[in-house]
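Chain by chain, the residues run as shown.
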Amino acid sequence: MPAPTCASCRAARAALRRPRSGQALCGACFCAAFEAEVLHTVQAGRLLPPGAVVAVGASGGKDSTVLAHVLRALAPRLGIALHLVAVDEGISGYRDAALAAVRSQAASWELPLTIVAYADLFGGWTMDAVARSTAGTGRSRSCCTFCGVLRRRALEEGARRVGATHIVTGHNADDMAETVLMNFLRGDAGRLARGGGLGSAGEGGALPRCRPLQLASQKEVVLYAHFRRLRYFSRECSFAPEAFRGHARQLLKLLEAARPSAVLDLVHSAERLALAPAACPPRPGACSRCGALASRALCQACALLDGLNRGLPRLAIGKGRRGLDEELGRAGPGGGGPGSVPAEAKDRPAPPGVPTSTGEDGGGDGAQEV
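Residues numbered from 1 in each chain as written. Predicted model: local features only at pLDDT ≥ 70, side-chain atom pairs only at ≥ 80, totals over all residues. Heavy atoms only, no water.

(A) Summary view of the packing of helix H10 (residues 245–258) against helix H11 (residues 262–272). Here H10 crosses H11 at 115°, and the two axes come no closer than 8 Å. The orientation of H10 with respect to H11, classified from their angle, is roughly perpendicular. Here Leu-252, Leu-255 and Glu-256 of H10 come into contact with H11, specifically with Ala-262, Val-263 and Leu-266. Among the residues making up the contact of H10 with H11, the classes are represented as 5 nonpolar, no polar and 1 charged. (Axes fitted to C-alpha atoms, helices over the stretch in contact; angles between N-to-C directions. Helix = DSSP H or I, 4+ residues; strand = E, 2+ residues; numbered from the N terminus. Parallel < 35°, antiparallel > 145°, perpendicular 65-115°, else oblique. Contact = heavy atoms within 4.5 Å. Nonpolar A, V, L, I, M, F, W, Y, C, P; charged D, E, K, R; others polar.)

(B) Quick look at the packing of helix H1 (residues 27–44) against helix H9 (residues 218–227). Between H1 and H9, the shortest axis-to-axis distance is 10 Å and the interhelical angle comes to 125°. It follows from the interaxial angle that H1 and H9 lie oblique. H1 and H9 meet at a crossing whose hand is left-handed. Contacts from Gly-27, Phe-30, Cys-31, Phe-34, Glu-35 and Glu-37 in H1 reach Glu-220, Val-221, Leu-223, Tyr-224 and Phe-227 in H9. (Left-handed = near helix turned anticlockwise from the far one by under 90°.)

(C) Representation of the state of the cysteines. Taken as a whole, this structure holds 0 disulfides when the rule is applied. With no disulfide of its own, Cys-290 lies closest to Cys-299 among cysteine sulfurs, the gap being 3.8 Å. (Disulfide = S-S within 2.5 Å.)

(D) Quick peek at the pattern of salt bridges. This model, assessed by the stated rule, comprises 12 salt bridges. One salt bridge connects Arg-209 with Glu-156, and the closest N-O pair in it is separated by 3.7 Å. Placement of Arg-209 in strand E8 (residues 209–210) and of Glu-156 in helix H6 (residues 142–161) is noted, with a sequence separation of 53 residues between them. This pair shows no difference in class: Arg-209 is buried, exactly as Glu-156 is. Across the salt bridge formed by Glu-178 and Arg-249, the nearest N and O atoms sit 3.0 Å from each other. Placement of the pair is Glu-178 in helix H7 (residues 173–186) and Arg-249 in helix H10, with a sequence separation of 71 residues. Owing to a relative accessible area of 24%, Arg-249 belongs among the partly exposed residues under this scheme. One salt-bridge network, in which partners are shared between bridges, spans Arg-18, Glu-37 and Glu-220. (Salt bridge = Lys/Arg side-chain N within 4 Å of Asp/Glu carboxyl O. Buried < 20%, exposed > 50% of the residue type's maximum accessible area, 1.4 Å probe, protein only.)

(E) How the structure looks around a nonpolar patch on the surface. On the surface, a cluster of nonpolar side chains totalling about 360 Å² of accessible area is made up of Leu-185, Leu-251, Leu-254 and Leu-255. Of all the elements, H10 adds the most residues to the nonpolar patch, at 3 residues. For Leu-185, the position within the fold is in helix H7. (Patch = residues over 30% accessible without salt bridge, like charges linked within 9 Å, V, L, I, M, F, W, Y side chains within 5 Å. Areas by Shrake-Rupley, 256 points an atom, 1.4 Å probe, with all protein chains shown as cover.)

(F) Highlighting the packing of aromatic side chains. Under the counting rule described, the total for this entry stands at 5 aromatic pairs. For the ring pair Tyr-94 and Phe-233, a centre distance of 5.5 Å and an interplane angle of 65° mean the geometry is edge-to-face. Highlighted residues: Tyr-94 in the loop between strand E4 (81–88) and helix H3 (95–109) and Phe-233 in the loop between H9 and H10, separated in sequence by 139 residues. Note on accessibility: Tyr-94 and Phe-233 belong to one class, buried. Ring geometry for Tyr-118 and Phe-122: centres 5.5 Å apart, planes at 70°, overall edge-to-face. An aromatic cluster of at least three residues, connected via ring pairs, comprises Phe-30, Phe-34, Tyr-224 and Phe-227. (Phe/Tyr/Trp six-rings, centres within 6.5 Å; stacked < 30°, edge-to-face > 60°.)

So far we have only geometry, and geometry alone does not tell us how the molecule works.
Right under this line is the structure:
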């Protein structure tokens, strides 16, 4: 049976049916529709004002590759400047190849690229070193906790170094639906309370963040990369199979098979969710050590580094965090050990905005993307 005619241009043969709408489109019309939808998301949400200097979290994977390509095409209409920022977590056999892909993209698209490394920012700690430190603690999955929190902080530092006014990340609808599921499964009311919207406004000195691909399905992100012939790094992180996110992903696939709208339904449910006042987290203040957003005496990045430097990697994870908070309360402001995030953060104003993440995967800086 011959392929139907494209429902948009009425000239070319359709190359696909859009997963959600079933609309038959040729490759060129699908890409044009995809870009128009991202443009609408950015403009309707007022995510990137004209004149913004935008740091694009670049990991070399499909999501960040598609995001950078689409924003590069839309930049003249939006009036924005782009700067790729990549994070080197120090994962041997994985990140070097991913960074090579990012460098190739930056050269091909003539976009400036800055790479920041965990080892430089966090006192020599890399993810390989964290994995060795946590080995035998019974918390092998905690690598994703460390990486998510530290990666978010590293991206913020990289964006500041290039003079960015906004940060964008490549989270798609599937990533966000997985995060909502994870928060429900863990009963994490605090993160559910702040899980809606297309990003954070960046109150109190933190840079505004947004997710222009949040309403785009993973299938369509892959299809866009295919029709635009984009080359990207597709190997899974060596720590990913142990992450709790994988279980949420499997559950989401089952739900989507039974109900195709399940992904977007979950994303929109997070936007509309209302919790009882008693379930909402307290208004945060500033980390006593680095000045970053924190709902406790130490932000999660400083708390995790504190545990690593003291040879107690589980100190800031789960129930261990309660003991750390009690210890800090006895020690007074700034107490609790030598671990800290970059010193230049101490000079920033105390941000009163959203609390930092405390759970596995760092609160949504991606499945395995920045």
